[in-house]
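Structural features, examined
Below, each chain spelled out in residue letters.
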Protein chains: 2
Amino acid sequence: MRARRLEVLVWQRALEPFAGRWSLPGGYLEPVETLEDSIRRQLASKVDVREVAHLEQLETLSDPDRVPNEWQLATAYLGLVPTDADPAIPVDTAWQRVDRLPPAAFDHAAIIRAGRDRLRAKLSYTNVAFALAPAEFTISELRDIYRAALGHDVSATNLQRVLVRRDVLEPTGGHRAPGPSGGRPGALFRFRARELEITDQFAVLRPPGPARAAAS
Amino acid sequence: MRARRLEVLVWQRALEPFAGRWSLPGGYLEPVETLEDSIRRQLASKVDVREVAHLEQLETLSDPDRVPNEWQLATAYLGLVPTDADPAIPVDTAWQRVDRLPPAAFDHAAIIRAGRDRLRAKLSYTNVAFALAPAEFTISELRDIYRAALGHDVSATNLQRVLVRRDVLEPTGGHRAPGPSGGRPGALFRFRARELEITDQFAVLRPPGPARAAAS
DNA sequence: CCAAAAGTGTTGCCCGTACACCCATGA
DNA sequence: TCATGGGTGTACGGGCAACACTTTTGG
């Protein structure tokens, strides 16, 4: 998936079943291969996507009817690509807006919804957005990413405050030149870490007092 | 898993590999069967556990080295059983304390840790505790369950307030007779719902204003 | 009357939202 | 000096933790 409008990379099936409908990239697991390795291999070879910034398992689907006339398990993953990445994708594949998804094959519509929901949840309590953002960005650019992913408006003011308080962002010192219509130049930021971190320990019922010893 | 001390149901392997070490119940998927059906079948037939109040998928493990000399995938599930359930388990199986787990087979120690962590997290923002609690209980009994699962002290006062404010608990009207040493009789409660519900929409960066229309 | 256990009232704090206001730039 | 967009200061409110205090029981 990528942002500006949140989009999924899907390809249009030529053959039955589900000819003409859109399908997530994927394929069969090769012998002695990790699921994650397999996904990366499929993405690199089939759709030439190599800059997956974050990859996480969603769920393994086992409904016997999910593939017609066949018994097939699938493990769904969520992969995120920065907005500025623009891989050369094959002709039968396209980025489709997640909120206006054309008819999908198999149970892929549900998988896409699950991925979107997981992303939305994690935007609230982790730094996942690092996987959607370019290396450097202004707060308003980041706000556009959050807007696209969350599907509702986001205030740049509060976005900045939350992410800086949580120590997720750091200023690079640079500034972005204003557009043709003027305006104050925006300060550039980067994500302090570029792997997934939980930044909001939202736990209610947390350990008492100052003695927050981690029990194992 | 079950509570009072958080415990896992495991069985001790007789044969290699990992003879003598403890292993989670499980088995092979039968043709044209759902993963969840399979788990319930295994639990019922192998360890005679039928009162699983909540079952949820954790992760599918695919490391080629997770089983020696063989390539085997496994999908791990978390299943919860009320504290008052006491299934008749076979001789080679036992409830083991999660915080003092004896040596486990395969990657099962990691799975158990993952299950424990998932449970701890969900106790904070869902009503999962319904799956650990008996039908009726006093606040202090419920507190003991939370204490066991979270691994730290929990205040009965605040536990009650949180769960009542969220409308997770409802009083049954009944009271539990005090113990031999006296004390005020405790009011009985039950969970309003007995399926998983998210009770704390912890989302930061939530939709603005009163117009919280759900975007789809 | 005392101890024990349950339950309520109150306060303080953290943190996210909202909104008013100030700053830097191009035309 | 005006329009445009970036950034800061501040007030309000929700929700949880902590703790003092009250209530109900058995000895």
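Summary of the structure given here.

Conventions we followed
- Residues numbered from 1 in each chain as written.
- Chains lettered and ligands numbered in written order.
- Predicted model: local features only at pLDDT ≥ 70, side-chain atom pairs only at ≥ 80, totals over all residues.
- Least-squares fit on C-alpha atoms with pLDDT ≥ 70 in both.
- Pairing = 2+ DSSP bridges.
- Helix = DSSP H or I, 4+ residues; strand = E, 2+ residues; numbered from the N terminus.
- Axes fitted to C-alpha atoms, helices over the stretch in contact; angles between N-to-C directions.
- Parallel < 35°, antiparallel > 145°, perpendicular 65-115°, else oblique.
- Contact = placed C-beta atoms within 7 Å.
- Nonpolar A, V, L, I, M, F, W, Y, C, P; charged D, E, K, R; others polar.
- Near = placed C-beta within 6 Å.
- Expected span 1.5 Å × (residues − 1).

1. Details of the relation of the copies chain A and chain B
The transform that puts chain A on chain B rotates by 180° and translates by 0.0 Å along the axis, for an RMSD of 0.1 Å. The operation mapping one copy onto its partner corresponds to a two-fold rotation axis.

2. Structural notes on the sheet that holds strand β1 (residues 7-12) of chain A
Residues and elements named next belong to chain A. Taken together, three strands build an open sheet; the order of strands is β2-β1-β5 and the sheet is antiparallel. Unpaired on one side and paired on the other, β2 (22-23) and β5 (93-97) mark the two borders of the sheet. Pairing between β1 and β5: five bridges, direction antiparallel. The partner of valine 10 across the bridge, within β5, is alanine 94.

3. As for the packing of helix α2 (residues 108-125) of chain A against helix α3 (residues 139-150) of chain A
Residue and element names in this part refer to chain A. Packing of α2 against α3 leaves a shortest axis separation of 9 Å and a crossing angle of 140°. The pairing of α2 with α3 is recorded here as oblique in orientation. Taking contact as the criterion, the partners of Leu119, Arg120 and Leu123 in α2 are, on α3, Tyr146, Ala149 and Leu150. Partitioning the contact of α2 with α3 into residue classes produces five nonpolar, no polar and one charged.

4. What about the interface of chain A and chain B?
At the interface, 31 residues of chain A touch 31 residues of chain B. When residues of the side of chain A that touches chain B are traced back to their parent elements, those giving at least two are β3 (54-61), α2, α3 and α4 (156-165) of chain A. Of the residues belonging to the side of chain A that touches chain B, the class tally is 19 nonpolar, eight polar and four charged.

5. Quick look at the protein's contact with DNA strand C
Of all residues adjacent to DNA strand C, which total 29 residues, the nearest are Gly182 and Arg184 of chain A together with Ser140, Gly183 and Ala187 of chain B. Of all the elements in the fold, those that place two or more residues in the surface near DNA strand C are α4 of chain A together with α3 (139-150) and β8 (186-191) of chain B. Of the residues in the surface near DNA strand C, the class split is nine nonpolar, 14 polar and six charged.

6. Quick word on helix α1 (residues 35-47) of chain B
Compared with an ideal rise of 1.5 Å per residue, which puts 13 residues at 18 Å, α1 of chain B spans 17 Å between its outermost C-alpha atoms and is within 8% of the ideal. Within two residues after α1 of chain B, aspartate 48 of chain B carries a phi angle of roughly 55°, on the positive side.

7. Quick notes on the packing of α3 of chain A against α4 of chain A
Residues and elements named next belong to chain A. Running from N to C, α3 and α4 point in directions that differ by 95°, and their axes come no closer than 9 Å. The pairing of α3 with α4 is recorded here as roughly perpendicular in orientation. Every residue of α4 that contacts α3 at Ile139, Ser140, Leu142, Arg143 and Tyr146 is listed here: Ala156, Leu159 and Gln160. Residue composition of the contact of α3 with α4, grouped by class: five nonpolar, two polar and one charged.

8. Digging into the sheet that holds strand β6 (residues 137-138) of chain B
Residues and elements named next belong to chain B. The three strands are arranged β6-β8-β7 in an open sheet whose pairing can be described as antiparallel. Each end of this open sheet is capped by a strand with a single partner; those strands are β6 and β7 (169-176). Relative to β8, β7 runs antiparallel, the two being bridged by five bridges. Bridged to arginine 176 within β8 is glycine 186.

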